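# Commentary on secondary and tertiary structure
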Amino acid sequence: MTVRIAFLSNLNHGTEYVFKRRPVKKLLPILVIVAMMVSLLPLTAVPAGAVVISRTYTLDADFGEGTLVNVNHETPNNDQLQLSDELQTLPFIWVANSGENTVSKIDTVTGIELGRYFTGPGDENPSRTTVDTNGDLWVGNRDSNTATKIALYPTDTTGGEASKPDIFTPAYTIPDGVINTSTGPGDVKAWGQDDAVLMRIEVDFGPRAVAVDAANNVWIGGYGQTMGYYDGQTGAWQKNIPIGLPCYGALVDGSGTLWISNQAYGSLTRIDNPSGTDTVTTIPTGDGWVYGISIDSSGFIYTSAWQNNRLRKLDPATNGWLYSVTIPGGASNRGVCVGQDGDVWMAHSGANSVTRHNASDGSLKATITVGNTPTGVATDAAGKIWVTNLISNDVMRIDPSTELTDLTLSGHTYPYNYSDMTGYISRNVTTKTGTWTVDFDSEVSDMPWGKVSWNSNEPEGTSVSVQVRSRNDDGDTWSGWETATNGVALSTTPNGWYLQIETTLKIKEGDISPILYDLTVEVGNLPPTADAGEDQIVEQTSYEGAEVTLDGSGSTDDGLLEPLTYKWTWAGGSAEGVSPTVIFPLGTAAVTLTVFDGQFTDTDTTNITVEDTTPPAVWCVEAVNLYGENVPGENRSDNAKSKAKNPDGFYQLFVNDICDSAPVLYIGIADNPYLFGPFESGVVIKFTEALGADTSIKKIGSSNGQAGAVAWHITLPTDPVVTGVDISGNTSTCAGCLVPPSPK
C-alpha cells in the first residue's frame, strides 16, 4: 500500500510526499517519519498509478535548494529568480590540443580534466574555439576544413561497435542505452565512439574564426575568406557571407553584429544583421596582423596586433578607434580577453607573458610571466584568467587578486587556441544568460514523469526555457536532456527516481531581465480533461437536419499511458473520434464526450441546437382560364371581355422549403393574410377582386380530373396575399397574384 502524507509547513511549501516500498538504505528514516505523524494526520491509500507527488518551487527556500549561476532571488526581488547584475559563465574551460587532434574539458574550480575528445579521425589541427550558452563547444579543425561540436553534458548517441563516420550530424545516432564518454586525459575514446561528440561538419578552407550568436547558431570562417552560418542544433548550412579577407577571430555582440579580425591584412570586419541582409563594413586598424579579438560588457571591441605589439579599442557606435597603445615589454600579441573586473588581458607569445590593462585608456597595470609561447587567454566563472602555452604544452590559471599563477596543468600538446574558451562572451555579451538547476526527488524508483509548468515574465528580447533529464537511485548516469514545453507532459524523459530541472533565463536584446516566479513538477499519470467544445447553434440544411462537426480537440492529457480515446453519446445516437461529423435533427441534443487515457476517464457535455430560420419560397404562376385561353390579358385594367383575356385571375401557387417536405399555403389580404387555407403546393385558384365585396371561397371542381385544373374560386376586396408556412413556423409572402379590379 502507498501512504501519502501532506506536509503543510512553510519549510515544505507546495510539497506532497509519497512513500512506497524502496531500498533498505532509505526505508528506516521514512518509517520513523510515518510513525511520528500517524496520529496527527489521516492516512489515505493511493491507488496504483494515481498521481502521487508534485512540487512547486516558488519561495526563496525552494530556489535555494538548487544551483544558481548568474541568477538570484535576492532582496528586494525575493521569492523569484532573475538574472544577476554581475554575470558569470559556467565553471568549465575547453582547451584545443592542436598537436594531438583533441580538446580537453577542464573544471575551472578544481583544475581536474573531466574529458578529452578527438575532433576527427586524422590530422585535424583543432584551434579556435567558441562555447555556446549551453556550455557546448564548437572547434574549428584547420587541417581538415571541418568543425566539431562537443557536448558539455554527453547523452547516449553511439552504440555497440558502430562508429560515427568522418563527417556526420545529429541525424547519425545509434544509441545503446549507455553513455560512452571520456573521463579524462587517460581515457580518450576512439574517433566516433564518444557520445560527447555531437557532430562534425565541412566548412570553409582553413577554419579559424568561430562564434555563436544569440540563437546558438554558429559562424565559421577561415582562409577561404567567407563566413559560413550553420544551424547550431543540426549543423545544416544556412548561408555564406563573402568577406574578401582571411577570417582569423570572431565574436557576436549583444546587438547581433558579427565582428571578425582579419590577421595579416590589419583590419577588422563588421557585419550588421549577419543572418539577414548582412551589411559588411571593413575597418582599417593601421596595425599589421590583427590576431585576437574580444569585447566588454558595454560592447567595446578590443584587438591585438601581432607585429607592432599594440592593443586597440573600438567604439561600435562610430566605428572609430578610441585608442591604440603599444605594450611595454610585450612581443607578438596573440589572444585578448576582458576579465570580470573589466580589465583587458593579453597574451604575448614572444615575451612569455600576459599583460593586464586598464580598459578605459589601455594603460599597463601588470605583466605576469607564464609558460613558453602563450597564445590564448580567457575568463572563467570565478573571474580568474586562463592562459594556454603553446610550446611548454601547459595551461595556467592566474588569480587577478595576486597577479600570480595559482595552477599549472601539463600534458596539453600544442594548446593553440586564442578565442573564447569558457563561453564568457556568449553568456554575458552575445546574450546575458543564467541558469538554476535543481534535482527533484520523487521518492520512488522508475517514477513516470508528468508535466513541468512555470509562471514567468519574459519581456521582449528575453526568454525563460526549461530542460529536464532523469536517473534512478542506483547511481546510473543521467538521461539525455528533453526540452520541456510549459504545461505539457514530458514525452522522451525515461522514468526514474530523480528529475533534474535546468531553467535558463536569457536576455537576447535589451537590459531587462526575465523573471521566473514559480516552477511546478508533476509526476505519475494525470487524469485527462474532457472538453466537448462550445455549445453550437446551427441552421438546418436538409429534411434530416444539419451536419454538425463535434470538437473534442480541447481535451488534454499527459500522454503517459495510451492515446486518448473519444466517445460521444446523446439520446438516440453515438460517435467516436476527436471531431466526428454527425447529422442532428431539428431541436436540441445534449451531447456527452467521454475521454479515456487507459486508466482514467473524464466527461464534458455540449448542447447542439439545430434550428430552422430559413423561410420557404413562394411563387405564383398565371394559369389558363376556364376557356383554355392563355393569360394575362393585354389590358388588365379594361374589364371588357372582348379585350381582356382573363378578367378574373387564374393562378397556380407553389411553395418550397429546404427543410420541410410539405410546407403549406394560406391566402388572404394584407390586413388578414390567413383567411383561407392551408393549401398544398401546386393548387390552382381563380381570384376575383370585387371592391366592397365580402371575402368568399367556393369549390370549383376537378375539371375532369385534369392536373392543374382550377380547384377554388376566391373572392376578395383587394389583390390577394399568398403566404407560405413551413413546419418551423417560418413564413414568406407573395403579392404577385394581380387581379383586375371589378368594373366601376
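To keep things clear, this report deals only with the structure shown in the data block. These numbers come from a predicted model, not from an experiment.

## Topic: the pairing of strand E28 (residues 344-348)
Of all five residues in E28, five are buried, a share of seventy percent or more. What you see with E28 is no split at all: Val 344, Met 346 and His 348 on one side and Trp 345 and Ala 347 on the other are buried throughout. Of the strand pairs in this sheet, strand E27 (residues 333-338) and E28 are connected by four bridges, and their pairing is antiparallel. Note that in E28 the partner of Val 338 across the bridge is Val 344. Turn length for the E27-E28 hairpin, with the two strands adjacent in sequence and antiparallel, is five residues, and the turn residue Gly 342 shows positive phi of about 90°. Examined bridge by bridge, E28 and strand E29 (residues 353-357) share five bridges and lie antiparallel to one another.

## Concerning the environment of Thr 581
Positionally, Thr 581 belongs in strand E45 (residues 581-584). Separated by 34 residues in sequence, Thr 581 and Glu 547 have C-alpha atoms that sit 6.4 Å apart. Residues in contact with Thr 581, not counting those within four places in the same chain, are Glu 547, Val 548 and Thr 549. In this structure the side chain of Thr 581 is engaged in a polar contact, spanning 3.1 Å, whose partner is the side chain of Thr 549.

## Looking at the packing of aromatic side chains
Overall, the coordinates contain 19 aromatic pairs when judged by the stated rule. A centroid spacing of 6.3 Å and a plane angle of 65° characterise the contact between Phe 440 and Trp 449, whose relative ring orientation is edge-to-face. Note on Phe 440: relative accessible area 4%, which makes it buried. Overall, the relative accessible area of 2% leaves Trp 449 in the buried class. On the basis of an interplanar angle of 15° and a centroid distance of 5.5 Å, the ring pair of Trp 619 and Phe 654 is categorised as stacked. In this pair, Trp 619 is assigned in strand E48 (residues 617-622) and Phe 654 in strand E49 (residues 649-656), connecting sequence segments 35 residues apart. Accessibility expressed as a relative area gives 37% for Trp 619, which makes it partly exposed. Of the residues examined, Phe 654 reaches a relative accessible area of 21% and is grouped as partly exposed. Clustering of aromatic rings is evident, with ring pairs tying together Tyr 223, Tyr 248, Trp 289, Tyr 291, Trp 306, Tyr 416 and Tyr 418. The residue whose ring lies beneath Arg 208 is Tyr 223, and the NZ or CZ to ring-centre distance is 4.2 Å. For the cation-ring pair, Lys 313 lies above Phe 300, with the distance from its terminal atom to the ring centre recorded as 4.6 Å.

## What to know about the pairing of strand E35 (residues 432-441)
Extensive coverage of E35 is indicated by the burial of seven of its ten residues. Summarising the sheet, strand E5 (residues 67-69) and E35 pair through three bridges and their orientation is antiparallel. Residue pairing across strands places Val 69 opposite Thr 435, the latter belonging to E35.

Reading the values: the criteria
Residues numbered from 1 in each chain as written. Predicted model: local features only at pLDDT ≥ 70, side-chain atom pairs only at ≥ 80, totals over all residues. Heavy atoms only, no water. Buried < 20%, exposed > 50% of the residue type's maximum accessible area, 1.4 Å probe, protein only. Helix = DSSP H or I, 4+ residues; strand = E, 2+ residues; numbered from the N terminus. Pairing = 2+ DSSP bridges. Contact = heavy atoms within 4.5 Å. Polar contact = N/O pair within 3.5 Å; in protein donor to acceptor, adjacent residues only side chain to side chain. Phe/Tyr/Trp six-rings, centres within 6.5 Å; stacked < 30°, edge-to-face > 60°. Lys NZ or Arg CZ within 6 Å of the ring centre and 35° of its normal.

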